[in-house]
Amino acid sequence: MSSIQFGCFEFNQTTQILSRDAQPVELDPRQLALLEFFIANPERIVTRDELQTAIWKQVIVSDNAINKLVANLRKSLDDNPKSPIYIQTVPKQGYRFVAKIHAVSPVLKVNQNSTEVTVNWAAWAWPKYAVSLCLFSFVVFMSYVAYSDNKPEPQYGQTQTLTRMTGVKQSPVVMPDQQAVLFINFNKGVGQLFQGAMGANAESAQSISTEFSSITYLLGFDKSGQLIVRATENGRCSWFKGLVEGQVFIITERSELACPQRILRDNEYDSETDTLYFINHGSEGHVENSVSYAHFDDTEFKVATINLANKWSASRFEIKEGDVALLAHTAIGHSGVFTFDLTSIEFENKQNPAPLTPIFTLPFRSNNIAWSHDKQGVVYTSAPPATQLLYQSLEADVKPKLVASFSDYICCNISRIGLNDDYIFTTEAADFDIEWLSLGKGQAKSSEVNNSSSYDFIPAFANTSDDIYFFSKRTGKTQVYKQSGTPNAEQVSDFNAYFRFYGLALSPGDKWITSFESKVIWLLATDKSQADRVIPIKGHILAVDWLSNQLFAVSVREQGQIHIEIYNTQLHKVHTLISGNGANISRLMSKKDGSRDVVAIVDEQILYSVNLSDIFDFNDAGALVKSATELLKLERPISYFAALIDEQTLYYPSSKRGQWYSLKLMSDAEPELLPVEIDRDLTVKNGKLLHSKLVHLSSEVHRTVAQ
């Protein structure tokens, strides 16, 4: 048989043309091969191994590649995987082609007065001229395929800088006419919308007037050409649609959806379904590797899960035409790249799908990912010091190709320029120095501890000497350094991967250093003869505080609740304190005054004094609080993870950027505003302050120039 019919489709096996209602349906060569294999094997379960052998021959590909090919064919057939008409997924087995197949044959008419046999083409699904049209379309299509296969790959190496202005640039998106780029410029934490030219005129960027107090994210355009933004209007964060007309952004629609407490650079929009997505964070009580999603017109988000294998934690993703490119990390700093379609996510009516495995892994922590123009690969960022934008084909055993390289940090989102093979991205470069502040009589004297023209941050005082410790990115990878009164800093740690650390503290005797990422605690010995130690934590780490020379407390948020875990230097968990009876202890802190008294922060507002030995008599925070002594109650909740205690004084940030208060640990004390602006990472010892001071910041929008 030369043609077969299934559903509303007809497939000519001679010309390899699929048509629907006499209109050709374009399929790429692999989709054609998959369709032919399904037609040759109707009504039986076809395994992934069979598909791999039939479609990819001798090349070994991942299950994700097979799933993607099936999903693309389904899309061409307008087949819904939840209620399939053509291709049915058989969980843990494979696929089944369930459509009924019928042979299509021309009807013959014999002229009674002649031996001539003619064909009645009216019996076909298309008229006479359609045959010629389809043959012509086939020739054009195959010529296009041949051209695409032989089209020279773009050569990169040149870039253009599209902006030159102060502030931090984020969320670049290309306008539908491809002639301009929109982006957000942050100045002192406030985001403003800007538009820049696509050419080399870096001075042409102009601000776009909006009704928002701050814009935090640009998500692209919907099918009608409206820009989707996440922004704050009248104190409320939500999503909006609008049009850029001249130098004004005009709001056309306001979503009723409210932004969650914490949302980072993983906010995505699918224009095909007008749906918002973002990866949830375990620190807010969500299940690991879950996503929130909602139609733009919905009033609340629903939650679905992504079943990732081998303890991968989802970090960043991009959705393009229903297909997902996702970046995930492990606790030890490796990255994995996953590709799948949206149907692979566990929505309400889908249960227990097979775990997704990465199509390739990276021995470092990448920052972001995006689809390539043809979705035959992805582009992603490498780790410092040599930050690069790299292209990786989804084909097996193909080496990555360099797209762009910068001495600055390639950051944040990556966008495509639709008319060619170029990309838009942003960079950041910051210089932080450690500044020593000495307070007295309402004034502050400052001096720089170290000026390395690098990124020095999270300083910590030694307890038994005048030494200070801090993190620095001066070698690219973040390392711990020690400053001992000489101009030069001594490297203490030797991390062989790029990590993101959030805290630094020394034990009372200065024998141990603790730092942490979101799920891992590092225990470093100041005596280099001892090996570093690592503790993986279930949940999201908020703070780590030393209680004695042998014990430290870890504040952990898990499933929306905060509890305290206490460890010794042998990495044994010796006690857990959970919230209960109306009391939520979010942190345990030493007074650093040589006593065994510990300060407990309860409900982010009340401070209690507790004897260290008494803590082990209770597992319930409420019972412990009843036996404790109240020190003070603040007028408003504080950012408990940023607070610190130096003997009898509490230091905590105000609601205004850069301002901190000091407060004596007495119930009738009044807070005093520090007479100096704090950039970040404050630490205190005997009335002397250290913080990371911003010296220089640059951030620009760039584009690649393909040859």
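Residues numbered from 1 in each chain as written. Predicted model: local features only at pLDDT ≥ 70, side-chain atom pairs only at ≥ 80, totals over all residues. Heavy atoms only, no water.

**Digging into the overall build of the protein chain**
Scanning the protein chain from terminus to terminus reveals six helices and 56 strands. In the protein chain, which comprises 707 residues, the proportion classed as buried is 51%. For the protein chain, long-range pairs separated by at least 24 residues make up 46% of all intrachain contacts whose partners lie at least 6 apart in sequence. Entry remark: accessible area of the protein chain is about 32900 Å², with carbon and sulfur atoms responsible for 49%. (Helix = DSSP H or I, 4+ residues; strand = E, 2+ residues; numbered from the N terminus. Buried < 20%, exposed > 50% of the residue type's maximum accessible area, 1.4 Å probe, protein only. Contact = heavy atoms within 4.5 Å. Areas by Shrake-Rupley, 256 points an atom, 1.4 Å probe, with all protein chains shown as cover.)

**Describing helix H1 (residues 29–40)**
Residues that lie three or four places apart on an α-helix share one face, since the helix turns once every 3.6 residues. Over its 12 residues, H1 runs 17 Å from end to end, which matches the ideal 16 Å to within 8%, given 1.5 Å per residue. All buried positions along H1 are accounted for by Gln31, Leu32, Leu34, Leu35, Phe37, Phe38 and Ile39. (Expected span 1.5 Å × (residues − 1).)

**Some words on the side chain of Thr649**
Mapped onto the elements, Thr649 comes out in strand E52 (residues 649–653). The residues contacting Thr649, other than those within four sequence positions of it, are Leu644, Ser662, Leu663, Lys664 and Leu665.

**As for the nonpolar core**
Grouped together as the largest cluster of nonpolar side chains are 27 residues, with contacts concentrated most on Phe6, Leu18, Leu35 and Ile87. Among the secondary structure elements, those contributing two or more residues to this core are strand E1 (3–6), strand E2 (9–12), H1, helix H2 (48–56), helix H3 (63–76) and strand E7 (94–97). Element by element, the count of residues in this core is highest for H1, at six residues. Ignoring any residue separated from it by four or fewer positions in sequence, one finds Phe6 in contact with Phe11, Leu18, Leu35, Ile39, Leu77, Tyr86, Phe97, Ala99 and Lys100. In terms of nonpolar packing, the next biggest core, distinct from the first, is built from 21 residues, Ile585, Ile615, Ala621 and Val625 among them. (Core = buried A, V, L, I, M, F, W, Y, C linked by side-chain atoms within 4.5 Å.)

**Focus on the sheet that holds strand E42 (residues 533–536)**
Strand order in the open sheet formed by four strands is E39-E40-E41-E42, and the pairing between neighbours is antiparallel. Both edges of this open sheet fall to strand E39 (504–506) and E42, since each of them pairs with a single strand only. On average, each strand axis in the sheet is tilted by 20° relative to the strand beside it, whichever way the strands run. Summarising the sheet, strand E41 (residues 520–525) and E42 pair through four bridges and their orientation is antiparallel. Following the sheet pairing, Ile521 is matched in E42 by Ile535. (Pairing = 2+ DSSP bridges. Axes fitted to C-alpha atoms, helices over the stretch in contact; angles between N-to-C directions.)

**A word on the state of the cysteines**
All told, the structure shown has one disulfide when counted by the stated rule. The residue that forms a disulfide with Cys237 is Cys259, at a sulfur-sulfur distance of 2.1 Å. Taking the torsion about the sulfur-sulfur bond, which here is approximately -65°, the covalent link between Cys237 and Cys259 counts as left-handed. In this pair, Cys237 is assigned in strand E18 (residues 236–245) and Cys259 in the loop between strand E19 (248–254) and strand E20 (267–270), connecting sequence segments 22 residues apart. (Disulfide = S-S within 2.5 Å.)

**Concerning the environment of Lys302**
Within the secondary structure, Lys302 sits in strand E23 (residues 302–305). Distance from Lys302 to Ser292, taken between C-alpha atoms, is 5.5 Å for residues 10 residues apart in sequence.

**Side note on the sheet that holds E23**
An order of E20-E21-E22-E23 is seen for the four strands of this open sheet, with the pairing classed as antiparallel. Strand pairing shows two members of the sheet lacking a second neighbour, E20 and E23, which therefore form its edges. Each strand of the sheet is rotated relative to its neighbour by a mean of 30°, with strand direction disregarded.

**What to know about the side chain of Thr275**
With respect to the element layout, Thr275 can be found in strand E21 (residues 275–279). Accessibility expressed as a relative area gives 9% for Thr275, which makes it buried. Separated by 2.9 Å, the side chains of Thr275 and Thr273 make a polar contact. In this view, Thr275 contacts Glu268, Tyr269, Asp270, Tyr293, Ala294 and His295; residues no more than four positions away in its chain are not counted. (Polar contact = N/O pair within 3.5 Å; in protein donor to acceptor, adjacent residues only side chain to side chain.)

**Re the pattern of salt bridges**
According to the stated counting rule, one finds 23 salt bridges in the structure shown. Its salt-bridge partner being Glu50, residue Arg44 comes within 2.6 Å of it at the nearest N-O pair. Arg44 gets classed as partly exposed once you look at its relative accessible area, which sits at 31%. (Salt bridge = Lys/Arg side-chain N within 4 Å of Asp/Glu carboxyl O.)

**Quick notes on the pairing of E2**
Neither face of E2 is left uncovered, since the one carrying Phe9 and Phe11 and the one carrying Glu10 and Asn12 both have all their residues buried. Two elements, E1 and E2, share four bridges in a ladder whose sense is antiparallel. Counterpart to Gln5 in the pairing with E2 is Glu10. Between E1 and E2, which pair antiparallel in sequence order, lie two residues; one of them, Gly7, sits at a positive phi of approximately 60°.

**What about the environment of Ala99?**
Among the secondary structure elements, Ala99 is positioned in the loop between E7 and strand E8 (102–104). The exposure class of Ala99 is buried, given its relative accessible area of 7%. Residues Ala99 and Ile39, spaced 60 residues apart in sequence, show a C-alpha to C-alpha distance of 9.1 Å. Aside from chain neighbours lying at most four places away, what touches Ala99 is Phe6, Glu43, Ile85 and Tyr86.

**Some words on the pairing of E23**
Bridge count for strand E22 (residues 290–295) against E23 is four bridges, and the pairing is antiparallel. Counterpart to Ser290 in the pairing with E23 is Thr305. Hairpin connection, E22 to E23: the antiparallel pair is bridged by six residues.

**Some thoughts on H3**
Across its 14 residues, H3 extends 20 Å between first and last C-alpha, which sits within 8% of the 20 Å expected from 1.5 Å per residue. Among the residues of H3, those classed as buried are Asn64, Ile66, Asn67, Lys68, Leu69, Val70, Ala71, Leu73 and Arg74. Of the residues one or two after H3, Asp78 is the one with positive phi, at around 55°.

**Brief notes about the packing of H1 against H3**
In the contact formed by H1 and H3, the axes pass within 10 Å of each other and the chain directions differ by 85°. One way to sum up the angle between H1 and H3 is to call them roughly perpendicular. Facing H1, whose interface residues are Arg30, Gln31, Leu34, Leu35 and Phe38, H3 presents Leu69, Val70, Asn72, Leu73 and Ser76. Its residues assigned to classes, the contact of H1 with H3 shows six nonpolar, three polar and one charged. (Parallel < 35°, antiparallel > 145°, perpendicular 65-115°, else oblique. Nonpolar A, V, L, I, M, F, W, Y, C, P; charged D, E, K, R; others polar.)

**Thoughts on the environment of Leu624**
When you line up the elements, Leu624 lands in helix H6 (residues 621–626). For Leu624, a relative accessible area of 1% corresponds to the buried category. Distance in space between the C-alpha atoms of Leu624 and Ala600 is 9.9 Å, their sequence separation being 24 residues. When residues no more than four places from it in sequence are discounted, the contact partners of Leu624 are Leu577, Ile585, Val610, Asp614, Ile615 and Phe618.

**Considering the packing of H2 against H3**
The angle between the axes and the distance between the axes are what describe a pair of packed helices. Closest axis-to-axis distance for the H2/H3 pair is 11 Å, and the angle between their directions is 75°. With respect to each other, H2 and H3 are oriented roughly perpendicular. Taken together, the residues of H3 that come into contact with H2 (itself represented by Arg48, Leu51, Gln52, Ile55 and Trp56) are Asp63, Ala65, Ile66, Asn67, Leu69 and Val70.

**Here's the deal with the confidence of the model for the protein chain**
Mean pLDDT for the protein chain: 83, with 87% of residues reaching 70 or above. The weakest mean pLDDT in the protein chain belongs to strand E10 (residues 117–120) at 37; the strongest belongs to E19 at 96. Counted against residues more than four places away or in other chains, residues 106–149, with its pLDDT under 50, gives 34 contacts. (pLDDT = per-residue confidence, 0-100.)

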